[in-house]
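One letter stands for each residue in the lines below.
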Amino acid sequence: SEGNEDEVETSQSEEPKRGYRGVYQDSQSKAEDNKSSAWTLLVVGFLGMICLGLSVFDIIPFKLTGSTGYMTYGVIGALFVLFIVMGFVSMRSSKVFEKEAESENTLKDAIETWCLENFNTYEIDVELFGGEDITEEEKYFRRISYMKFHICKQFVNLNEESVCKPILFDAR
């Protein structure tokens, strides 16, 4: 019985997994995802076209005869061309997201600077709780609401996801 309690205590004290992204995904992550997809599509597309060309010229022994051969080579060739085109489109999208990430990072830095200048833990706690005896969990949610309200009041065009995810929970 005591061994199980120790296991429970150690598992509760561990840090939460960082793999979860939630709904919000910043432009930098989107740019990285698009760039890796682009490289994958381009490599597969070009390698496939090379293999297909080697097969057509009988360097790789893959025999298809008659109309089925032409149709198969045509469909496979079209598929690899589509991979290459989608790779270039994905690469272009990653560059667009990289530019958006720059402006997001500038805004994020401005919000962080504003928060450091305008939020004081003691003042927030006195304003929100006074002498109330409430749980830490409730304090946490009240603090987050208070901060979101004031951030959104100062920076008008923000949505809730863009305030919560990158600003309040970023562990740099």
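Structural notes, computed from the coordinates. The model shown is predicted, which means the values in this text are computed figures rather than measured ones.

The rules behind these values
- Along each chain, residue indices are assigned from 1 in the same order as the chain's sequence is written.
- Given that this is a predicted model, residues contribute local features only at a pLDDT of at least 70 and side-chain atom pairs are listed and counted only at 80 or more, while totals for whole chains, interfaces and linings are drawn from all residues.
- With hydrogens and water set aside, each side-chain value is computed from the structure's full complement of heavy atoms.
- Runs of H or I in DSSP of at least four residues are treated as helices and runs of E of at least two as strands, each being numbered from the N terminus.
- Each helix should span, by expectation, one fewer than its residue count multiplied by 1.5 Å.
- Only protein chains enter the accessibility calculation, which uses a 1.4 Å probe; a residue is then buried when its area is under 20% of its type maximum, exposed when over 50%, and partly exposed in between.
- Between the N-to-C directions of two axes lies an angle of 0 to 180 degrees, each axis being a line fitted to C-alpha atoms and, for a helix, fitted only over the stretch in contact.
- The scheme is simple: roughly parallel for angles under 35 degrees, roughly antiparallel for over 145, roughly perpendicular for 65 to 115, oblique for anything else.
- We call two residues in contact when some of their heavy atoms are within 4.5 Å.
- Each residue is assigned to one class: nonpolar for Ala, Val, Leu, Ile, Met, Phe, Trp, Tyr, Cys and Pro, charged for Asp, Glu, Lys and Arg, and polar for all the others, Gly among them.
- By convention, a stacked pair of Phe, Tyr or Trp rings (six-membered ring in the case of Trp) has centres within 6.5 Å and planes under 30 degrees apart, an edge-to-face pair has planes over 60 apart, and any other such pair is tilted.

Quick look at helix α5 (residues 136-154)
In this model α5 runs 27 Å from its N-terminal to its C-terminal C-alpha over 19 residues, within 8% of the 27 Å that 1.5 Å per residue would give. Among the residues of α5, those classed as buried are Lys139, Ile144, Tyr146, Met147, Lys148, His150 and Ile151.

Some words on the environment of Phe119
Inspection of the secondary structure assignment puts Phe119 in the loop between α3 (66-118) and α4 (121-129). Given a relative accessible area of 15%, Phe119 falls into the buried group. Taking the C-alpha atoms as reference points, Phe119 and His150, separated by 31 residues in sequence, lie 9.5 Å from one another.

Quick notes on the packing of α4 against α5
Where α4 meets α5, the closest approach of the two axes is 11 Å, and the angle between their N-to-C directions is 105 degrees. The orientation of α4 with respect to α5, classified from their angle, is roughly perpendicular. Packed against α4, whose contacting residues are Ile124, Asp125, Glu127, Leu128 and Phe129, the element α5 presents Lys139, Arg142, Arg143, Tyr146 and Met147 at the interface. Partitioning the contact of α4 with α5 into residue classes produces 5 nonpolar, no polar and 5 charged.

Notes on the packing of aromatic side chains
Going through the model one piece at a time under the given rule, you end up with 5 aromatic pairs. Between Phe80 and Phe83 the ring centres are 6.2 Å apart and the planes differ by 80 degrees, which places this aromatic pair in the edge-to-face class. Taken together, the residues span about one helical turn, with Phe80 and Phe83 both in helix α3 at a distance of 3 residues. Residue Phe80 is classed as buried on the basis of its relative accessible area, which comes to 16%. An angle of 90 degrees between the planes, with centres 6.0 Å apart, marks the rings of Trp114 and Phe155 as edge-to-face. With Trp114 in helix α3 and Phe155 in the loop between α5 and α6 (160-168), the pair connects residues that are 41 residues apart, well separated along the chain. Comparing Trp114 with Phe155, the two get one shared label, buried.

Don't take any of this as a statement about function, it's just geometry.
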